[in-house]
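Each chain, letter by letter, is given below.
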Amino acid sequence: MTPSVGVVVPTRGDRPGPLREAVAAVLAQDHAGRLDVVVVADGVSPREVSRQLAGRAYGWGAGQVGLREAGQAGGQPAGGWEAVRVLANTRTPGLPGARNTGIDACDTDLIAFCDDDDVWLPGKLAAQLHALRDGGEFASCGIEVEHRGHRVARLAGASVVTAADLIRSRMVMVHSSTFLFRRGELRPDESAPAGQNEDWDLALRAAKRRPLVHADRPLVLVRWAGSHYAARWADRIAGLEWMLARHPELAVDPCGAARVYGQLAFGHAALGRRRAAVRWAARAFAARPREPRGPIALAVAAGLVSAPRVLSALHNRGHGI
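These lines cover the structure that appears in this document, whether it is placed above or below. (Residues numbered from 1 in each chain as written. Predicted model: local features only at pLDDT ≥ 70, side-chain atom pairs only at ≥ 80, totals over all residues. Heavy atoms only, no water.)

Right, let's get into the overall build of the protein. Along its length, the protein carries 11 helices and 12 strands. Each of the 321 residues in the protein was classed as buried or not, and the buried ones make up 52%. When the accessible surface of the protein is totalled, it reaches about 13700 Å², and 52% of it is carbon and sulfur. (Helix = DSSP H or I, 4+ residues; strand = E, 2+ residues; numbered from the N terminus. Buried < 20%, exposed > 50% of the residue type's maximum accessible area, 1.4 Å probe, protein only. Areas by Shrake-Rupley, 256 points an atom, 1.4 Å probe, with all protein chains shown as cover.)

As structure tokens, then:
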């Protein structure tokens with residue numbers, strides 16, 4: 001029996017065009033089972049989000065939004081209606097609370113996430129459902145990163161992702177918009193500072209239960225240019241410190257520790273906190289002398305290059321700091 005899938009799409013209502021594209025791509029997946037799409041309005045009126053969804057490709061029906069094939073006018077759209085509910089975030093404001101609001105609203109076998117500026121590519125859901133058939137609890141997939149016209153595929157090089165993998169490396173392809181997991185097993189943690197790293201925490205907790213199954217081809221388009229999280233340095237610092245406190249093993253693995261310490265050094269450097277940047281860079285060097293984030297952070301702290309310039313160069317290559 002084909003499992004039902006609930007897809008949670010959080011939105012702040014500030015990206016109506018990408019939101020419509022994200023929802024349309026979800027509804028276009030080839031899935032024989034029930035697909036329940038829940039758009040969660042976080043800090044914005046659900047009515048406003050519903051108006052945004054009622055674009056040229058959509059029609060209205062009984063308080064729901066249905067995808068209409070392009071060019072259809074009046075009558076029933078070809079292929080029938082696909083239900084999309086728009087709800088207000090009734091939990092903690094922010095991304096984890098919005099996602100949990102969506103989970104609460106679903107009675108499906110599986111839960112999936114899609115950010116409102118990302119796009120599921122054809123075959124995404126089918127590939128992950130196939131990967132889950134052997135008893136997996138949580139699936140991810142490869143991604144294609146888009147930044148200012150550049151697209152780069154990011155793959156894991158494996159069909160399984162372990163907790164050790166996620167400790168050693170953040171593994172950008174294990175992205176929230178790729179998540180598909182059994183409902184009732186796991187939930188985002190709403191204590192994540194400003195929602196930072198709640199997806200990494202969720203994937204790591206899942207991998208500690210059982211290795212993630214991974215469809216290693218680019219099946220989600222992830223757009224970085226419009227990210228709400230890219231340069232909120234104080235929040236990013238708080239999120240990394242939160243992860244170190246929740247997952248002490250991050251400080252044990254030399255590669256994982258050096259990466260996190262280097263990111264902390266870079267965040268402090270971006271905020272002009274030179275002493276803190278030097279301190280964290282020294283810890284990164286001590287954990288792994290070849291860690292590149294340390295010298296990059298020191299260059300930013302010294303004013304040799306700006307943090308936005310570094311990020312832009314990395315993002316164009318499909319990498320983050």
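The structure having been displayed, the exposition proceeds.
The next thing to look at is the nonpolar core. Within soluble globular proteins, side chains that are nonpolar tend to cluster in buried spots. In terms of nonpolar packing, the biggest core is built from 88 residues, with Val7, Val39 and Leu166 touching the most fellow members. By residue number, the principal contributor to this core is helix H8 (residues 254–270), which donates 7 residues. In contact with Leu166, other than residues within four places in its own chain, are Val161, Met171, Val174, Trp200, Ala203, Leu204, Ala207, Leu212 and Arg259. (Core = buried A, V, L, I, M, F, W, Y, C linked by side-chain atoms within 4.5 Å. Contact = heavy atoms within 4.5 Å.)

Moving on, we get to the packing of H8 against helix H10 (residues 293–301). Relative to each other, H8 and H10 sit at 5°, their axes nearing to 8 Å. The angle between H8 and H10 falls in the class roughly parallel. Where H8 approaches H10, its residues Arg259, Gly262, Gln263, Ala265, Phe266, Ala269 and Ala270 are matched on the opposing element by Arg293, Ile296, Ala297, Val300 and Ala301. (Axes fitted to C-alpha atoms, helices over the stretch in contact; angles between N-to-C directions. Parallel < 35°, antiparallel > 145°, perpendicular 65-115°, else oblique.)

The subject of this paragraph is helix H3 (residues 95–105). In terms of burial, H3 is largely enclosed, as 9 of its 11 residues are buried. Along H3, the residues that are buried comprise Leu95, Pro96, Gly97, Ala98, Arg99, Asn100, Thr101, Gly102 and Ile103. Residues of H3 that are buried in the fold lie against strand E1 (5–11), strand E2 (35–41), strand E5 (84–88), strand E6 (110–113), strand E11 (180–182) and helix H6 (198–209).

Quick look at helix H2 (residues 46–53) now. Taken residue by residue, H2 has Val49, Ser50, Gln52 and Leu53 as its buried positions. For H2, the arc enclosing every buried residue in end-on projection is 155°, short of the 170-degree limit, so these residues lie on one face. Structural note: H2 exposes Arg47 and Arg51 on the side pointing more than 90 degrees away from its buried face. Of the residues flanking the start of H2, the one acting as N-cap is Ser45, its side-chain oxygen 3.1 Å from the backbone nitrogen of Arg47. (Arc of directions from axis to C-beta. Polar contact = N/O pair within 3.5 Å; in protein donor to acceptor, adjacent residues only side chain to side chain.)

With that settled, the discussion passes to the pattern of salt bridges. Evaluation of the coordinates by the stated rule reveals 26 salt bridges. Among the salt bridges present, the one from Arg34 reaches Asp107, with a minimum N-O distance of 2.9 Å. Of the two residues, Arg34 sits in the loop between helix H1 (16–27) and E2 while Asp107 sits in the loop between H3 and E6, which places them 73 residues apart along the sequence. For Arg34, a relative accessible area of 42% corresponds to the partly exposed category. Classification of Asp107 by relative accessible area gives exposed; the value is 52%. Residue Glu291 is joined to Arg293 by a salt bridge in which the shortest nitrogen-to-oxygen separation is 2.7 Å. Judged by its relative accessible area of 3%, Glu291 is buried. (Salt bridge = Lys/Arg side-chain N within 4 Å of Asp/Glu carboxyl O.)

A separate point is the packing of helix H9 (residues 274–287) against H10. Two numbers describe a pair of packed helices, the interaxial angle and the distance between the axes. Here H9 crosses H10 at 165°, and the two axes come no closer than 9 Å. With respect to H10, the element H9 is oriented roughly antiparallel. Seen along the crossing, H9 lies across H10 with a hand that is left-handed. Between H9, through Arg274, Ala277, Val278, Ala281 and Phe285, and H10, the contact on the second element is made entirely by Gly294, Pro295, Leu298 and Ala301. (Left-handed = near helix turned anticlockwise from the far one by under 90°.)

Let us now look at the packing of aromatic side chains. Within this structure, the stated rule accounts for 6 aromatic pairs. With a centroid separation of 5.5 Å and an interplanar angle of 40°, the aromatic rings of Tyr261 and Trp280 are classed as tilted. Residue Tyr261 is located in helix H8, and its partner Trp280 is located in helix H9; the two are separated by 19 residues in the primary sequence. Comparing Tyr261 with Trp280 shows no difference in burial state: the two are buried. Among the aromatic side chains, those forming a connected cluster through ring pairs are Phe113, Phe138, Phe179 and Phe181. (Phe/Tyr/Trp six-rings, centres within 6.5 Å; stacked < 30°, edge-to-face > 60°.)

Burial runs high along E2: 7 of the 7 residues are buried. Of the strand pairs in this sheet, E1 and E2 are connected by 7 bridges, and their pairing is parallel. Considered in E2, the bridge of Pro10 is made with Val40. The parallel pair E1 and E2 is bridged by H1, and the resulting crossover is right-handed. (Pairing = 2+ DSSP bridges. Right-handed = clockwise from strand over helix to strand, strands pointing away.)

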